[in-house]
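In case you want the letters, here they are:
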Amino acid sequence: MVISEISVKNYLTASKIGSFCVNPYVGCPHACKYCYASFMKRFTNHPEPWGDFIDIKITEKPINLRKISGKNVIMSTVTDPYNPLEAKYVITRKILEQLVESDCHLQIITKNKLVLRDIDLLKQIKNLTVAVSINTTDETFRRDMDQGSSIADRMMTLKTLHENGIRNVLFMSPIFPFITDWKELILQTRGYVDHYWLEDLNLRGGYKKAILDYVKVKYPQYYDSYLNIYSRGNRIELYEEDKEIIGWCEENHISYSDYFHHEEVISDFKGKIFTGK
Ligand code: SF4
């Protein structure tokens, strides 16, 4: 792991996703095989593979609380604010110490139980959601895909957040078609999860081949369907699975937000198979 400290002007960046995002690090040791943020490598001059480098952002400039007043702030969009280096560098915690005074709508997204270290601060933040990403109940698959906390630790994290009155979200992302056991995951966690975000696997980056090769070896029974969805532009099976998940959530009164890539599906199949929900 190549670790560098870099000086930056500001932790805040204007974002299309929320009003602002805060990324305390560049790079992410969680090294998820499907990481959308790995495109960041292009802008960093890092020769190391994604997951093998991290830049620790250092600045003395305080967060401009007036600028983010009432706005959405996402922490983080291209790194995990609770990656293991945070235990030593404490950048995220120092940012939270400032955000305690803010009325922004803060969303923290992580795969690491380290977030619980800051529960004293989290309890003081006014408009907060903490999302923990889990996309399987299969620890072998999880370990193959990411280096975050174990599934059991992430579930414990969601439960602890809930017990402390902090609004939590299980961010089921990315949902691997046919591989993510979404129903089991919801059944195991619904007692302490406030809301589910559902997002499908999006294979566009340089990691597409690696994921398809993985599926071919570990889940050969789904390989042809993956080629249909991700190489042949035939996403109907993805749409059908989304429909099944949503239908089940509705029937079982699960609070959810669906972030499947419907536009692509609808434009691919418009007029042929369905006309939308
Ligand atoms: S935790 Fe998030 S930012 Fe880090 S490698 Fe995984 S997907 Fe990328």
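Residues numbered from 1 in each chain as written. Predicted model: local features only at pLDDT ≥ 70, side-chain atom pairs only at ≥ 80, totals over all residues.

A. A look at the site of the ligand. Taken together, C28, H30, A31, C32, C35, A37, T79, D80, K111, D146 and G148 make up the full set of residues near the ligand. Taken together, the residues that form the shell around the ligand break down as five nonpolar, three polar and three charged. (Near = placed C-beta within 6 Å. Nonpolar A, V, L, I, M, F, W, Y, C, P; charged D, E, K, R; others polar.)

B. Summary view of the nonpolar core. One finds V73, L106, V130, L170 and M172 to be the most contacted residues of the largest nonpolar core, which totals 55 residues. Per-element accounting of this core gives the leading share, five residues, to strand β9 (residues 168-175). Among the nonpolar cores identified, the runner-up in size contains seven residues, and V215, Y230, L238 and Y239 belong to it. (Core = buried A, V, L, I, M, F, W, Y, C linked by C-beta atoms within 7 Å. Buried ≥ 20, exposed ≤ 12 C-beta atoms within 10 Å, placed from the backbone. Helix = DSSP H or I, 4+ residues; strand = E, 2+ residues; numbered from the N terminus.)

C. Spatial organisation of the sheet that holds strand β4 (residues 25-26). Spatially, three strands are ordered β1-β5-β4 in an open sheet, and the strand pairing comes out mixed. Looking at which strands have only one partner, the edges of the open sheet turn out to be β1 (2-7) and β4. Alignment of β4 against strand β5 (residues 53-58), held across two bridges, turns out to be antiparallel. Directly across from Y25, in β5, lies its bridge partner I56. (Pairing = 2+ DSSP bridges.)

D. Molecular detail of the packing of helix α7 (residues 208-218) against helix α8 (residues 220-230). Close contact between α7 and α8 brings their axes to 7 Å; oriented N to C, the two are set at 150°. Regarding the angle of α7 to α8, the classification is roughly antiparallel. Here K208, L212, V215 and K216 of α7 lie close against α8, whose contacting residues are P220, Y222, Y223, Y226 and Y230. Along the lines of polarity and charge, the residues of the contact of α7 with α8 split into seven nonpolar, no polar and two charged. (Axes fitted to C-alpha atoms, helices over the stretch in contact; angles between N-to-C directions. Parallel < 35°, antiparallel > 145°, perpendicular 65-115°, else oblique. Contact = placed C-beta atoms within 7 Å.)

Don't take any of this as a statement about function, it's just geometry.
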